[in-house]
Amino acid sequence: MTTTSAPALRFSQRREWASEQAIGFLMQQAVENRDCVSLAAGLVDPTTLPTEIVRETADEILADEAAARSALQYGTTPGSEPVRETLLHLLATQEGKSVEELGVGVDRLVVTTGSAQLLSIVAEMLFDPGDVCLVAAPTYFVFLGTLDGVGARAIPVETDEYGMRPDALEQTLQDLEAAGELERVKLVYLVSEFENPSGVSLAAERRPQVVELARRYSRSHRIHVLEDAAYRELRYDGEPLPSVWSHDTDHDTVILAQTFSKSFSPGLRVGFGVLPDDLVAPVIDRKGNEDFGSANFPQAVLQRAIESGRYAAHVDRLRASYRRKRDAMVAAAERHLDPLGVVRWRRPEGGLYLWIELPTHLQTGFESPLFQRASRVDGVMYVPGELCFAGDAATRRRHHARLSFGVQDESGIEEGVRRLASAIEHVLASATTGA
Ligand SMILES: Cc1ncc(COP(=O)(O)O)c(C=O)c1O
C-alpha cells in the first residue's frame, strides 16, 4: 500500500512576515517556572479591575430593553455615534479644552478593538513592503512586530530622558533624504506618555517640534506621526501635558491612538483613534474588511461608565493604587539595585514600567546568563530590553530590562527586584572570577 502525504502548504507573504511574539515565550516560561515572580507581564493589576462598575453598568443596560437590544446587536464600523460623542467629550477633558476647541468632530473618531487594532490598521493602510517607520529607541515591541507583519522597516531614533530627540529625528530624516529614501518614510511612531518600556514621556517643548519636523519633511507625500497615548491616564506625579496631537492645529499630520485597556479594562478591549480627515475612510474601509465594527456591548458599558462619572472615579482610585506600586518598585530599586553600583534607572512619573540599564557587557536576552539565572535559579522574570530596539540585530542594545509593577502586589514587587538584584550580583561575580 502506498501512502500519499498531503501536499505542502503554500502560505502568503504575510505569513512569512508574521513574527512569533516574544510574549508567547514569556508566558510559557511563566507556566514552566511557577515559583517565578514575573515582572515581565504587561498585564494590568487584577485587583483593581472595575468588576463592580462593569456589573452595575451591564445590569443597567440589560434592564433597559431598548439599550439591551442595541448593545447586543451589531454596531456600525466606526463605532456608534453616541459612544464617539462621549469619547470626544472625554478627549476634550483630557486636553483641558472644550469640545469646540478640540477642532474635530465625531467624524474623525473611530472605535477599535483595543488600540492595537488601530495601530495595525494604520500600518496596513500606510505601508507597502520596504516602507519606513521611524520609532523611538527603545519602543513598544509589539508595534515592531506589527511593522514586521506588513513588511515595513523600523528605523530607530535616539531617545533620552525627555523622549525621542528632535535633533536625532531630523538627522535621521536628513540621512534618509541623502540616501534617496525619504520617499519611503510614511510614519513616525512614538508613545508620548510613560513609554512602554522606558517610562519616559515626550517633553512638552519637543511635542510641537516633532509635528513640525514631520511636516517639513513631508515633501512628495505626507509623513504622519502616530501618537500612542496608551498610558495617558496613568500619571502619578506632575501635571498632564497636552498631547502631541493638540499641536497639530490642522489635524492632518498626527494620528492619536488611545485605549481603555490600561485605565479601565483590557477585557473590554475598547480603543479609539482620532484621524486626519483623509485617513478616516481608508481606516474604516479596512476595518470593514476585518470586522465591520468592534463589539457593541463593551462600548455601551464603557459609555455608561464614563457618562455616570464612575469611570473618572475609577481612574482616580487606580492612580492611587499604581502610585503605591510605583513607589514600592522605586524603593526596591533603591534598596537592592543601587548597592550593586552598576544599574541605572529612572523614577517613572506614570505608566507601568521601570526600565533598567546594566553595563554593556551584561546582556539580558533570553539566552543570556542573566536571564537564565534569574528565571531558573532566583525565580524572577523580566522583559529583555533588546526586544524593544528596532534596527540591525548586530548593533542592537542588549543590556536593558523592562520591569513591570502592573501585576505584582507591593510585596511581590519587593521580592522580584530583590531576586533580580541577586541574579545580577551572581552574574557579575562569575564574570569577574571567570566562573
Ligand atoms: C504602548 C502600548 N500601545 C498599545 C497597547 C495596546 O493595548 P490595547 O490594544 O489593549 O489597547 C499597549 C498594550 O500593552 C501598549 O503598551
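Every value quoted in this text rests on a predicted model; they were computed, and no experiment measured them.

Enquirer: A description of the site of the ligand should follow, citing residues and the corresponding values.
Expert: With respect to spatial proximity, 13 residues lie near the ligand, and among them Asp228, Tyr231, Thr259, Ser261 and Lys262 are the closest. Serine 115 is positioned such that a nitrogen or oxygen atom in its backbone is 2.7 Å from an oxygen atom of the ligand. At 2.6 Å from an oxygen atom of the ligand is found a side-chain nitrogen or oxygen belonging to lysine 262. In the complex, the protein chains occlude 93% of the 400 Å² of accessible area that the ligand would expose alone. Considering each element in turn, the shell around the ligand owes the most residues, three residues, to helix α7 (residues 114-126).

Enquirer: Let's hear about the side chain of threonine 139: which residues, and what values?
Expert: Relative to the assigned elements, threonine 139 resides in the loop between β3 (132-137) and α8 (141-149). With relative accessibility at 0%, the residue threonine 139 sits in the buried group. Setting aside residues no more than four positions away along its own chain, threonine 139 makes contact with Leu144, Tyr189, Glu195, Asn196, Pro197 and Cys388.

Enquirer: Explain the side chain of aspartate 131 to me, and be specific about the residues and the numbers.
Expert: In this structure, aspartate 131 sits in the loop between α7 and β3. Side-chain polar atoms of aspartate 131 contact the backbone nitrogen of aspartate 128, separated by 2.8 Å. Side-chain polar atoms of aspartate 131 contact the side chain of arginine 184, separated by 2.7 Å. Residues contacting aspartate 131, with those up to four places away along its chain left out, are Leu126, Ala152, Arg153, Arg184 and Lys186.

Enquirer: Can you break down the packing of aromatic side chains residue by residue, with the values?
Expert: Here the structure, examined in full by the defined rule, presents 10 aromatic pairs. Measuring from ring centre to ring centre gives 5.5 Å for phenylalanine 260 and tyrosine 311, while their planes differ by 75°; the resulting arrangement is edge-to-face. With phenylalanine 260 in the loop between β8 (254-259) and β9 (270-274) and tyrosine 311 in helix α13 (residues 310-337), this pair connects stretches of sequence that are 51 residues apart. Take phenylalanine 260 and tyrosine 311: they sit in the same class, and that class is buried. Ring geometry for phenylalanine 366 versus phenylalanine 371: centroids 5.1 Å apart, planes at 80°, classification edge-to-face. The pair phenylalanine 366 / phenylalanine 371 is uniform in exposure class, with both members buried. The lysine or arginine in question, arginine 15, covers the ring of phenylalanine 11, its NZ or CZ lying 5.8 Å from the ring centre. Geometry around tyrosine 217 places arginine 219 over its ring, the cationic atom sitting 4.8 Å from the centre.

Enquirer: Hey, could you go over empty space enclosed by the protein for me, with residue numbers and the actual values?
Expert: The final tally for this structure, using the stated rule, is four cavities of 30 Å³ or more. If you add up the space inside the largest cavity, you get close to 80 Å³. Listing elements by their share of the lining of the largest cavity, those giving two or more residues are α5 (81-95) and β8. In terms of residue class, the lining of the largest cavity is built from eight nonpolar, four polar and three charged. Roughly 40 Å³ of volume is contained in the second largest cavity. Surrounding the second largest cavity, Ala136, Gly163, Met164, Leu190, Val191, Ser192, Glu195, Val200, Ser201 and Leu202 form its lining. Listed by contribution, the elements that provide at least two residues to the lining of the second largest cavity are β5 (163-164) and β6 (185-191). Class assignment for the residues of the lining of the second largest cavity results in six nonpolar, three polar and one charged.

Enquirer: Break down the domain arrangement of the protein for me, citing the residues and quoting the values.
Expert: In terms of domains, the protein is made up of domain 1 (13-42 + 313-433) and domain 2 (52-308). The C-alpha centroid of domain 2 is placed 26 Å from the C-alpha centroid of domain 1. At the junction of the two partners, domain 1 supplies 31 residues and domain 2 supplies 35 residues. Across the domain 1/domain 2 interface, buried area totals approximately 3000 Å², and carbon plus sulfur atoms make up 58% of it. Of all residues in domain 1, Trp17, Glu349 and Ala390 bury the most surface against domain 2, accounting for 19% of the area lost on that side. Inspection of the region where domain 1 meets domain 2 yields six salt bridges. Arginine 235 is paired through a salt bridge with glutamate 349; the nearest N and O atoms lie 3.4 Å apart. On the surface where domain 1 and domain 2 come into contact, there are 14 residue pairs in polar contact (both at pLDDT 80 or more). Contributing elements (two or more residues each) for the side of domain 1 that touches domain 2: α1 (13-17), α13 and β11 (353-357). Per-element accounting of the side of domain 1 that touches domain 2 gives the leading share, eight residues, to α13. A breakdown of the residues in the side of domain 1 that touches domain 2 according to their chemical character gives 14 nonpolar, seven polar and 10 charged.

Rules and cut-offs
- Residues numbered from 1 in each chain as written.
- Predicted model: local features only at pLDDT ≥ 70, side-chain atom pairs only at ≥ 80, totals over all residues.
- Heavy atoms only, no water.
- Near = heavy atom within 4 Å.
- Polar contact = N/O pair within 3.5 Å; in protein donor to acceptor, adjacent residues only side chain to side chain.
- Areas by Shrake-Rupley, 256 points an atom, 1.4 Å probe, with all protein chains shown as cover.
- Helix = DSSP H or I, 4+ residues; strand = E, 2+ residues; numbered from the N terminus.
- Buried < 20%, exposed > 50% of the residue type's maximum accessible area, 1.4 Å probe, protein only.
- Contact = heavy atoms within 4.5 Å.
- Phe/Tyr/Trp six-rings, centres within 6.5 Å; stacked < 30°, edge-to-face > 60°.
- Lys NZ or Arg CZ within 6 Å of the ring centre and 35° of its normal.
- 1 Å grid on protein atoms, 1.4 Å probe; cavity = no way out; pocket = protein on both sides within 12 Å on 5 of 7 lines; lining within 4 Å.
- Points joined across faces, edges and corners; volume = space filled by probe spheres on them.
- Nonpolar A, V, L, I, M, F, W, Y, C, P; charged D, E, K, R; others polar.
- Domains from an automatic or database assignment.
- Buried area = accessible area lost by both parts, 1.4 Å probe.
- Salt bridge = Lys/Arg side-chain N within 4 Å of Asp/Glu carboxyl O.

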